[in-house]
Amino acid sequence: MTQLETPLAGTSPRELRMERYVRRFLLVSTGAVALTLAAHLALLFWSRHEFTQAESVVANHSRNLATGFGIYHRLDRYPYTVTAYMPCFYLLQAAAYRLGLPIFLAGRIFSFAALLGVLVVARRLLALLTEDRLATWTGTLLIASTANLAAWATVGQIDMLGVFFSLFAVYQYFRYRKTRKPRPLVWTGCFLALALSTKQTMLAAAGTICLFLLIEERRRAAILLAAIGVPLATLVLALNHWTAGGFVENVLWANLNPFSFRKLLEHLRYLAPAAGGLIVIALAGAPAAFRRGLHPLYMYLAASALLLLATSSKIGSDLNYHLETMVVLGICAGWTLHQLRFFPLSFRGSPSAVTLLQIPLLFHIVLNLVISGRVLLEKAVSETLHRAEYAQLQPYLAADRGRILSVQLGPLVQAGRRLEVEPLIYTLLVEAGRLDPEPVLRDLSEKRFGLVLLYEDVFQPRNGPRPPELPSLPPSQLEAIRRNYRFVEHIDGPFLQGDYLYSPTGN
């Protein structure tokens, strides 16, 4: 009988009593986390407006795909919007939209389902690696309680689905290592391909698995690399040919945003408290991971952390960049609790320093429940403000208004309008010399936009330089708005100082 099937406690009354206390704590914590996830799910169905601007961009591309307008357009003409990711999520969201779901809800359902899938797979992986019921339960709880995961599981972006595919591939790889049967390795290759077909930077799992196979079984490593690489290369070449080069231009070149050390520090300032407990526990298990050579689980953690550090400093990056690293940290934490015999030592009241891991464990669960509560409140307030804002904007979004140039993307998507310009990435590309600003500048000078919506009053001098992540337009185009447009109305909104609306002079 395995440890997973029997209690870990010994025979003394103290150990039995302590085990009961631990199980009650885990049960209460699991209930609190389940209620939090249920609240996020309710918010997912209740909310009608964007949670992030990137969510609106993804929704716009998915709807374009569903309605035959296509995606991965060349950026030398309208629309100046970047389809930044591989096609898998767009296809799923487009299919759900074609079935009648609202476009935002269509994407969010896949994100939330992916989070539930991550929790199921994480539990199975920990059970496979530890055969320890309490360590498996606790590791899964640590992941489920992580506020950032729940926050992004209600956003219709591609990240959570990519994490699910990667984690399932890792789980199948560990099954293969245990049984040496080929079927799990086939599933590994399939889900690695799905992960990379969702987000091109989901490289941590693929890199880890291929590295260990190259070390241990070069022939099967070559087969796996070919099985993944050939279909993906064929997909990339076909999409690039079909879009006349637009695919590579969108997925690769337009994704090379400027890097900022300040942006990296912002990510680290969030990660330190939000995942600090997981980091402490995972580091405590590092010696055990290196005892018989590097453990694949910790190699996966190192690879995901390196990708986080390498990509999160991009202008425009958000906390979704943390998701895979946080999931792997939770799995490593559960594995560590088993390896260090945390529960047996704690039940016996051992003076070992291992029992002190209860401090970061409690810290992580309690702090992240508090963060989740704050996130839920902020999203509910934001949705309320968006509804009031949209009610005032709606008359300006009517079809007879003509073309609209807006830094506010959510209302356009909500109104069924296609995005013509994605202001943040468009301005970054213009400033980098990779996009010609003349077509938009000419249309502004000739008053071809019936409405321009900005987050700033162009007739008032700006105090200091433009913040690099403020959705805006290049200076020459702001000047064209001053010359050819008049201020119409200011509408309060949840972002910055609200919306400033401009219409062509003479209208």
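Treat the numbers as computed from the prediction; the structure is a model and nothing was measured.

J.: I'd love a proper account of the confidence of the model for the chain, names of residues and values included.
T.: Per-chain confidence: the chain averages 92 in pLDDT, with 97% of residues scoring 70 or above. Counting contacts from residues 1-10, a segment whose pLDDT is below 50, to residues more than four positions away or on other chains yields 28 contacts.

J.: Quick one: what's the story with a nonpolar patch on the surface, residue by residue and with numbers?
T.: A contiguous nonpolar surface patch, about 480 Å² in accessible area, is contributed by Phe261, Leu265, Leu268, Leu306 and Leu309. The element best represented in the nonpolar patch is helix H12 (residues 261-274), accounting for three residues. Among the structural elements, Leu268 can be located in helix H12.

J.: Describe a positive patch on the surface, naming the residues involved and giving the relevant values.
T.: On the surface, Arg123, Arg124, Arg175, Lys181 and Arg183 cluster together to form a positively charged patch. Counting through the fold element by element, Arg183 comes out in helix H8 (residues 182-198).

J.: Lay out the pattern of salt bridges in plain terms, naming residues and giving numbers.
T.: Enumeration over the complete set of coordinates arrives at 17 salt bridges. For Arg448, the salt bridge goes to Asp443, with nearest N and O atoms at 3.1 Å. By sharing partners, the salt bridges in this structure join Arg403, Glu420, Asp443, Glu446 and Arg448 into a single network.

J.: Go over the pairing of strand E4 (residues 499-504) with me, naming the residues and quoting the values.
T.: Extensive coverage of E4 is indicated by the burial of six of its six residues. The pairing of strand E2 (residues 449-454) with E4 spans three bridges and is classified as antiparallel. By the bridge assignment, Leu453 is partnered in E4 with Leu501. Where strand E3 (residues 485-491) meets E4, six bridges bridge the pair, whose relative direction is antiparallel.

J.: Go over the packing of helix H5 (residues 133-145) against helix H16 (residues 323-339), please, and point to the residues and values.
T.: The contact between H5 and H16 brings their axes to 8 Å, and the two run at 155°. By the angle class used here, H5 and H16 are roughly antiparallel. Between H5 and H16 lies a crossing whose hand is right-handed. For the pair formed by H5 and H16, the contact residues are Ala135, Thr138, Gly139, Leu142 and Ile143 on the first element and Val327, Gly330, Ile331, Ala333, Gly334, Leu337 and His338 on the second.

J.: Can you lay out helix H10 (residues 218-242) for me, pointing to particular residues and giving the numbers?
T.: Counted at 1.5 Å a residue, the expected span for H10 with its 25 residues is 36 Å, and the 35 Å between its end C-alpha atoms agrees. Listed as buried for H10 are Ala221, Leu224, Ile228, Leu232 and Leu239. Packing partners of the buried residues in H10 comprise H8, helix H9 (204-216) and helix H11 (246-251). Immediately downstream of H10, the backbone of Ala244 shows phi near 55°, a positive value.

J.: Give a detailed account of the side chain of Glu50, specifying residues and quantitative values.
T.: Within the secondary structure, Glu50 sits in the loop between helix H1 (13-46) and helix H2 (53-66). Among buried charged residues, Glu50 stands out as having no salt bridge; its nearest opposite-charge side chain is Arg108, 7.8 Å away. Polar contacts involving the side chain of Glu50 include one to the side chain of Ser56, which spans 2.3 Å. There is a polar contact of 3.2 Å between the side chain of Glu50 and the backbone nitrogen of Gly410. Ignoring anything within four residues of it in the chain, the contact list for Glu50 reads Glu55, Ser56, Phe104, Arg108, His386, Gln408, Leu409 and Gly410.

J.: Please give an account of the environment of Ala380 that cites residues and values.
T.: Locating Ala380 in the fold gives a position in helix H18 (residues 358-393). The residues contacting Ala380, other than those within four sequence positions of it, are Leu43 and Trp46.

J.: Which residues make up H9, and what values go with them?
T.: Taking 1.5 Å per residue, 13 residues should reach 18 Å; H9 reaches 18 Å between its end C-alpha atoms and fits that length. Residues of H9 that are buried include every one of Ala204, Ala205, Ala206, Thr208, Ile209, Cys210, Phe212 and Leu213, and no others.

J.: Got a sec to walk through the nonpolar core? Specific residues and values, please.
T.: The biggest cluster of nonpolar side chains holds 157 residues, and the ones touching the most others in it are Leu167, Tyr298, Ile331, Leu444, Val452, Leu454 and Ile481. The greatest single-element share of this core, amounting to 13 residues, is contributed by helix H7 (residues 159-179). When residues no more than four places from it in sequence are discounted, the contact partners of Ile481 are Leu444, Val452, Leu454, Val458, Leu473 and Tyr502.

J.: Explain the packing of aromatic side chains to me, using residue names and the numbers behind them.
T.: Taken as a whole and judged by the stated rule, the model has 17 aromatic pairs. Centroid distance Phe343 to Phe347: 6.2 Å. Interplanar angle 45°. Geometry classified as tilted. Pair noted here: Phe343 and Phe347 are both in helix H17 (residues 342-347), with a separation of four residues, about one helical turn. Their ring planes at 50° and their centres at 6.3 Å tell us that Phe487 and Tyr500 sit as a pair that is tilted. With a gap of 13 residues between them, Phe487 in strand E3 and Tyr500 in strand E4 connect regions that are remote in the sequence. Classification of Phe487 by relative accessible area gives partly exposed; the value is 39%. It is Lys379 that lies over the ring of Phe51; its NZ or CZ is 4.5 Å from the centre.

Reading the values: the criteria
Residues numbered from 1 in each chain as written. Predicted model: local features only at pLDDT ≥ 70, side-chain atom pairs only at ≥ 80, totals over all residues. Heavy atoms only, no water. pLDDT = per-residue confidence, 0-100. Contact = heavy atoms within 4.5 Å. Patch = residues over 30% accessible without salt bridge, like charges linked within 9 Å, V, L, I, M, F, W, Y side chains within 5 Å. Areas by Shrake-Rupley, 256 points an atom, 1.4 Å probe, with all protein chains shown as cover. Salt bridge = Lys/Arg side-chain N within 4 Å of Asp/Glu carboxyl O. Helix = DSSP H or I, 4+ residues; strand = E, 2+ residues; numbered from the N terminus. Lys, Arg positive; Asp, Glu negative; His and termini not counted. Charge placed at Lys NZ, Arg CZ, Asp CG, Glu CD. Buried < 20%, exposed > 50% of the residue type's maximum accessible area, 1.4 Å probe, protein only. Pairing = 2+ DSSP bridges. Axes fitted to C-alpha atoms, helices over the stretch in contact; angles between N-to-C directions. Parallel < 35°, antiparallel > 145°, perpendicular 65-115°, else oblique. Left-handed = near helix turned anticlockwise from the far one by under 90°. Expected span 1.5 Å × (residues − 1). Polar contact = N/O pair within 3.5 Å; in protein donor to acceptor, adjacent residues only side chain to side chain. Core = buried A, V, L, I, M, F, W, Y, C linked by side-chain atoms within 4.5 Å. Phe/Tyr/Trp six-rings, centres within 6.5 Å; stacked < 30°, edge-to-face > 60°. Lys NZ or Arg CZ within 6 Å of the ring centre and 35° of its normal.

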